[in-house]
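Structure assessment
Chain residues, written in single-letter form:
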Amino acid sequence: GLWGIKLTVWSIETLIYLGYVASYASRAKAVDIAKGFMETAFPIVVAGMPLLISLLPYRLPRWVPYGSAHHATFYLAVMALIVAGGLLNLIGLLTLRRAFTIMTEARTLITRGIFGVIRHPLYTGHFIMFFGSMLLRLDWAAACMYLFFLAGQVVRAKLEERKLAQVFPEYEQYRRSTGMFFPK
C-alpha cells in the first residue's frame, strides 16, 4: 500500500543523497570553477526543487481512490517510474564519481558507461523519478514546482555544456555523438 511506496521512495532518495554526499566529498579538483549567480546559486536552487516536492502531502488517493479498479496498477506504474529514474540516476552518479559537481564546474570529462549514451543521465533520472514523485502529490503546486525543476535542469545542462566545451576541446565531438537527455 501507501506505506510501501513511501518507504521505497524514501529509500531511493536517501541512497541517492548519500551517493551525492560521498561523491561530493571525494571529487577531483575543479579545472574551471563556477562563477556568478547562474553557475553557483542557480544550480543549488534547482537541485533543491525535488526536496520541496517531496515535502508536499500525498494526494494521489484523491485522483485514484484506494477502492478503484486502477489503484494498484497506477501505484505500481508510479513506483516503476521512481525506481527506474532512481537507478538511472545512481548509475550515472557511480560513473561520474570524482567528476560530480552541483555548481557549474569542469572537473574531468566523463564519456564512458552511461555517459557514452546520454550526456546528462543524472538529470534524465531525476526527470523520470521526480515525475513519479510529483504524480503521488499531484496538485497545482507540485506540477508548477516540477515544471520549474525541468526548465531549471535544462538551463543547468546547457550551462554545464558551455563550460565543458570551453575546457575540454573534445567535448564538441562528444556532444555531437550523444543525446543530451535521451539516446540519439
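Residues numbered from 1 in each chain as written. Predicted model: local features only at pLDDT ≥ 70, side-chain atom pairs only at ≥ 80, totals over all residues. Heavy atoms only, no water.

This part takes up the overall build of the protein chain. The number of helices and strands found in the protein chain is eight helices and zero strands. Starting at the N terminus, the α and β elements of the protein chain follow one another as α-α-α-α-α-α-α-α. Here the C-alpha atoms of the protein chain give a radius of gyration of 17 Å, agreeing with the 16 Å that 2.2 N^0.38 yields for 184 residues. By its C-alpha atoms, the protein chain is 60 × 30 × 30 Å across when sized along the principal axes. Counting over 184 residues, the protein chain shows a buried share of 47%. Look at the contacts in the protein chain between residues 6 or more apart in sequence, and 79% of them connect residues 24 or more apart. Surface exposure of the protein chain reaches about 9,500 Å², of which carbon and sulfur atoms provide 72%. Positive and negative side-chain charges in the protein chain, numbering 19 and 9 respectively, have mean positions lying 3 Å apart. (Helix = DSSP H or I, 4+ residues; strand = E, 2+ residues; numbered from the N terminus. Rg over C-alpha atoms; globule rule 2.2 N^0.38 Å. Buried < 20%, exposed > 50% of the residue type's maximum accessible area, 1.4 Å probe, protein only. Contact = heavy atoms within 4.5 Å. Areas by Shrake-Rupley, 256 points an atom, 1.4 Å probe, with all protein chains shown as cover. Lys, Arg positive; Asp, Glu negative; His and termini not counted. Charge placed at Lys NZ, Arg CZ, Asp CG, Glu CD.)

Attention now goes to the packing of helix H5 (residues 71-96) against helix H6 (residues 121-136). Interaxial distance between H5 and H6 falls to 7 Å at its minimum, and their mutual angle equals 155 degrees. Judged by the inter-axis angle, H5 sits roughly antiparallel to H6. Read as a crossing pair, H5 and H6 show a hand that is left-handed. Note on element contacts: H6 touches H5 through Pro121, Leu122, Thr124, Gly125, His126, Ile128, Met129, Phe131, Gly132, Ser133, Leu135 and Leu136, opposite Phe74, Tyr75, Val78, Leu81, Ile82, Gly85, Gly86, Leu88, Asn89, Gly92, Leu93 and Leu96. (Axes fitted to C-alpha atoms, helices over the stretch in contact; angles between N-to-C directions. Parallel < 35°, antiparallel > 145°, perpendicular 65-115°, else oblique. Left-handed = near helix turned anticlockwise from the far one by under 90°.)

A few words on the packing of aromatic side chains. The geometry of an aromatic ring pair is captured by the separation of the ring centres together with the interplanar angle, meaning the angle of the planes. In the structure shown here, the tally under the stated rule is seven aromatic pairs. On the basis of an interplanar angle of 80 degrees and a centroid distance of 6.4 Å, the ring pair of Phe127 and Phe149 is categorised as edge-to-face. Of the two residues, Phe127 is situated in helix H6 and Phe149 in helix H7 (residues 140-167); the sequence distance between them amounts to 22 residues. What makes Phe149 buried here is its relative accessible area of 1%. (Phe/Tyr/Trp six-rings, centres within 6.5 Å; stacked < 30°, edge-to-face > 60°.)

Membership of the largest hydrophobic core comes to 46 residues, with the highest contact counts inside it found for Ile82, Leu96, Phe115, Leu122, Leu136, Tyr146 and Phe149. Taken together, the elements giving at least two residues each to this core come down to helix H1 (2-25), helix H3 (41-54), H5, H6, H7 and helix H8 (171-177). The contacts of Phe149, once residues within four sequence positions are left out, are Val46, Met49, Pro50, His126, Phe127 and Phe130. (Core = buried A, V, L, I, M, F, W, Y, C linked by side-chain atoms within 4.5 Å.)

Let us look at the pattern of salt bridges. Once the charged atoms of two side chains with opposite charge are near each other, the side chains can pair. According to the stated counting rule, one finds 10 salt bridges in the structure shown. For Glu160, the salt bridge identified is with Arg156, shortest N-O distance 4.0 Å. Taken together, the residues Glu160 and Arg156, both in helix H7 and four residues apart, mark about one turn of the helix. The burial state of Glu160 is the same as that of Arg156; both residues are buried. One network of salt bridges, with partners in common, ties together Asp32, Lys35, Glu39 and Lys163. (Salt bridge = Lys/Arg side-chain N within 4 Å of Asp/Glu carboxyl O.)

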